[in-house]
Amino acid sequence: MRTDTDTEPGVSRDVPSRLSRGNRSIIGVLLVAAFVVILNETAMNVALTRIMLDLRVTERTAQWLTTGFMLTMAVVIPVTGWLLDRITRRAAFGLAMSLFSVGTLVCAVAPTFGVLLAGRVVQASGTAVMMPLLMTTVMNLVPARSRGTVMGNISMVISVAPAVGPTLSGLLLQLGSWRFIFAAVLPVALAMLAAGLRLLAHGGRTRSTPLDAASVPLTVLGFGGLVYGLSLVGDAHAPAWALPAALGAGALGLGAFVARQLSLQKRDAALLDLRTFRYPIFTVALAMMALAMMALFGTIITLPLLLQRAYGMEPVQVGLLMLPGGIMMGVLSPAVGRLYDRTGPKTLVVPASIVVMACFAFLSLLTHDTPWWQLMAVHAVMSTAFAFVFTPLFTVSLGALPGRLYSHGSAMVGTIQQVAGAAGTALFVTVLAARSAQAAAVGAAPADALLAGSHWAFLGAGAVWTAAVVAAWFLRKPADVVE
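Parameters at a glance
- Residues numbered from 1 in each chain as written.
- Predicted model: local features only at pLDDT ≥ 70, side-chain atom pairs only at ≥ 80, totals over all residues.
- Heavy atoms only, no water.
- Axes fitted to C-alpha atoms, helices over the stretch in contact; angles between N-to-C directions.
- Helix = DSSP H or I, 4+ residues; strand = E, 2+ residues; numbered from the N terminus.
- Parallel < 35°, antiparallel > 145°, perpendicular 65-115°, else oblique.
- Left-handed = near helix turned anticlockwise from the far one by under 90°.
- Contact = heavy atoms within 4.5 Å.
- 1 Å grid on protein atoms, 1.4 Å probe; cavity = no way out; pocket = protein on both sides within 12 Å on 5 of 7 lines; lining within 4 Å.
- Points joined across faces, edges and corners; volume = space filled by probe spheres on them.
- Nonpolar A, V, L, I, M, F, W, Y, C, P; charged D, E, K, R; others polar.
- Salt bridge = Lys/Arg side-chain N within 4 Å of Asp/Glu carboxyl O.
- Buried < 20%, exposed > 50% of the residue type's maximum accessible area, 1.4 Å probe, protein only.
- Patch = residues over 30% accessible without salt bridge, like charges linked within 9 Å, V, L, I, M, F, W, Y side chains within 5 Å.
- Areas by Shrake-Rupley, 256 points an atom, 1.4 Å probe, with all protein chains shown as cover.
- Expected span 1.5 Å × (residues − 1).
- Phe/Tyr/Trp six-rings, centres within 6.5 Å; stacked < 30°, edge-to-face > 60°.
- Lys NZ or Arg CZ within 6 Å of the ring centre and 35° of its normal.
- Core = buried A, V, L, I, M, F, W, Y, C linked by side-chain atoms within 4.5 Å.
- Polar contact = N/O pair within 3.5 Å; in protein donor to acceptor, adjacent residues only side chain to side chain.

A. Focus on the packing of helix α1 (residues 21-43) against helix α6 (residues 113-141). Close contact between α1 and α6 brings their axes to 9 Å; oriented N to C, the two are set at 150 degrees. On the basis of their axis angle, the class for α1 and α6 is roughly antiparallel. Both α1 and α6 take part in a crossing whose hand is left-handed. In this structure, α1 uses Asn 23, Ile 26, Ile 27, Leu 30, Leu 31, Ala 33, Ala 34, Val 37, Ile 38, Asn 40 and Glu 41 to contact α6, whose residues at the interface are Arg 120, Gln 123, Thr 127, Met 130, Met 131, Leu 133, Leu 134, Thr 137, Val 138 and Leu 141.

B. Structural view of empty space enclosed by the protein. Enumeration over the complete set of coordinates arrives at 2 cavities of 30 Å³ or more. Taken as a whole, the largest cavity holds about 60 Å³ of empty space. Taken together, Leu 39, Asn 40, Ala 43, Gly 165, Leu 168, Ser 169, Leu 172, Ile 181 and Val 185 make up the lining of the largest cavity. Elements represented by at least two residues in the lining of the largest cavity include exactly α1, α7 (147-175) and α8 (179-199). Looking at which element gives the most residues to the lining of the largest cavity, the answer is α7, with 4 residues. By residue class, the composition of the lining of the largest cavity is 6 nonpolar, 3 polar and no charged.

C. View of the pattern of salt bridges. Scanning all chains against the criterion turns up 3 salt bridges. Between Asp 212 and Arg 260 there is a salt bridge, with the nearest N and O atoms lying 2.6 Å from each other. With Asp 212 in the loop between α8 and α9 (215-231) and Arg 260 in helix α10 (residues 242-264), this residue pair connects regions lying 48 residues apart in the sequence. The exposure class of Asp 212 is buried, given its relative accessible area of 11%. Between Arg 275 and Asp 268 there is a salt bridge; the shortest N-O distance is 2.5 Å. Among the residues examined, Arg 275 registers a relative accessible area of 17% and is labelled buried. Using a relative accessible area of 47% as the deciding quantity, one classes Asp 268 as partly exposed. One salt-bridge network, held together by shared partners, links Asp 268, Asp 273 and Arg 275.

D. Local environment of a nonpolar patch on the surface. A surface patch of nonpolar side chains, amounting to about 220 Å² of accessible area, comprises Leu 211, Val 216 and Val 220. With respect to the helices, strands and loops of the structure, Val 220 is situated in helix α9.

E. Summary view of helix α14 (residues 372-399). In a regular helix each residue adds 1.5 Å, so 28 residues correspond to 40 Å; α14 covers 41 Å between its end C-alpha atoms and thus fits that length. Here α14 lies mainly inside the structure; 21 of its 28 residues are buried.

F. Region of interest: the packing of α1 against helix α5 (residues 89-109). Look at α1 against α5: their axes get within 12 Å of each other, and the N-to-C directions meet at 30 degrees. Handedness of the α1/α5 crossing: left-handed. Two secondary-structure elements touch here, α1 through Val 29, Leu 30, Ala 33, Val 36, Val 37 and Asn 40 and α5 through Phe 93, Met 97 and Phe 100. Among the residues forming the contact of α1 with α5, the class breakdown is 8 nonpolar, 1 polar and no charged.

G. Up close: the packing of aromatic side chains. A full pass over the atoms with the stated rule returns 9 aromatic pairs. Seen in terms of ring centroids, Phe 277 and Phe 282 are 5.8 Å apart; in terms of plane orientation they differ by 65 degrees. Their pairing is edge-to-face. Residue classification places Phe 277 among the partly exposed positions, given a relative accessible area of 37%. Classification of Phe 282 by relative accessible area gives buried; the value is 0%. Taken together, Phe 386, Phe 390, Phe 394 and Trp 465 form an aromatic cluster joined through their ring pairs. A cation over a ring is seen here: Lys 477 above Tyr 340, with NZ or CZ 5.4 Å from the ring centre.

H. A look at unusual backbone geometry. One non-glycine residue with positive phi stands out, namely Arg 56, at about 55 degrees. Relative to the assigned elements, Arg 56 resides in the loop between α2 (48-55) and α3 (59-62). Residue Arg 56 is classed as exposed on the basis of its relative accessible area of 79%. One non-glycine residue, Asp 268, lies in the positive phi region at around 55 degrees. Residue position: Asp 268 is located in the loop between α10 and α11 (280-309).

I. Summary view of the nonpolar core. If you look at the biggest cluster of nonpolar residues, it comprises 123 residues, and the most contacted ones within it are Met 97, Phe 386 and Trp 465. Among the elements that make up this core, the one with the highest residue count is α11 (16 residues). Other than its neighbours up to four places away in sequence, Phe 386 contacts Ala 292, Ala 295, Leu 296, Met 329, Val 356 and Trp 465. In terms of nonpolar packing, the next biggest core, distinct from the first, is built from 19 residues, Ala 43, Met 44, Ile 51 and Leu 65 among them.

J. Structural detail: the side chain of Thr 384. Assignment of secondary structure puts Thr 384 in helix α14. Ignoring sequence-local partners within four residues, the contact set of Thr 384 consists of Met 328 and Leu 332.

K. Structural view of the environment of Val 150. Its place among the elements puts Val 150 in helix α7. Note: C-alpha distance between Val 150 and Gly 337 (187 residues apart in sequence) is 6.9 Å. If near-sequence neighbours (up to four positions away) are discounted, Val 150 is found in contact with Ile 27, Val 138 and Val 142.

L. Here's a closer look at the side chain of His 408. Tracing the chain through its elements places His 408 in helix α15 (residues 406-441). Separated by 2.9 Å, the side chains of His 408 and Asp 85 make a polar contact. One polar contact links the side chain of His 408 to the main-chain amide nitrogen of Asp 273, over a distance of 3.0 Å.

Okay, structure coming up:
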């Protein structure tokens, strides 16, 4: 039955005044599908040791299951702005979930590590299309006065799925092979594919934007080079030349990519339309989102490392300690969305950004005597504050754009998430390693040296976060800017 009667992503048109039952069903299916693909992104981390033993590969080789996934996301997401203009919403959903399902099946039956890695790359390609598609669809179907609530649901998916992924995979590993992780996900992915194709309409208007042959390799070189280079920070096994070479190639590629897009967008042929930055509210929200992703990912990397090596906790204890924060962030996101619809972004984001700053200040003063419950409480408070940051930022950033730029804005948000997450990880790891090495050189015990390094890492994060606190004061509700 045809229920999707709206025009397709990227086509400027009036958003309906209310959300119909059919459109609610569409968004529901997209949310569940997004939860599945994001869950899969972090579920692999717990299984790496088992995969190393089963497929007889080293830890460095096994890490490519994570690095390859991240690189694929960084390369494919910038292309989705062009893709969502060219094909219908139904075709984009079918492509995303088909790629993800095929990749999941390949991973489940992979006889060798090479085949498993190929399956992960195919999975990542589907995931990269799904998130911009979800955000673009919400902007096209949901009236402006209700977008905060729906974006809150998206924030819940983005925050809860990564937190649940390692826990679920750990439970499945208790049943036997790491292949069960993929076998359990595949039926759900196929069910979502069938439901989405049934609900989404055939046809729909699109824009015939040609694919620029030079832009795609520049995307690979620019975004792929930057993310890969940032992933090498702190890798003791990487050759000395690899990090500067990757970052240098990434910077050159990104510069050439931007110059190419500025030229192409004059005739509406850009792969990623940078005219989104002509809207100040979008630019401010995107800049703050980049800082928030840096802070979030840096904390996610540093805190577990600190808990295990300085406080002697087991991985399962670390997971349980950090789980309440992930749950709080997810549970509160829909409520934050409803508050945003009533009050706008500034009253939510400004206090929350100050709370994040206070949490960084606390973490920069940790000692061996800090009790575990204080660490859990601070992480939960920080996660709660991030819930009050991300939901308004998602809504503000895309709501500030006209309809014709929704797909490109969604692609830009996804790209920034990948690059900023990698940058945050690199920043924390670099400062942590450098300061820990200095402390160890003057005779500090390993645990004491790590704590000393963490003090500077969290202080540095707090210094960078100051820019986010300032930016929060410049946020405004998009309805005040773009009608």
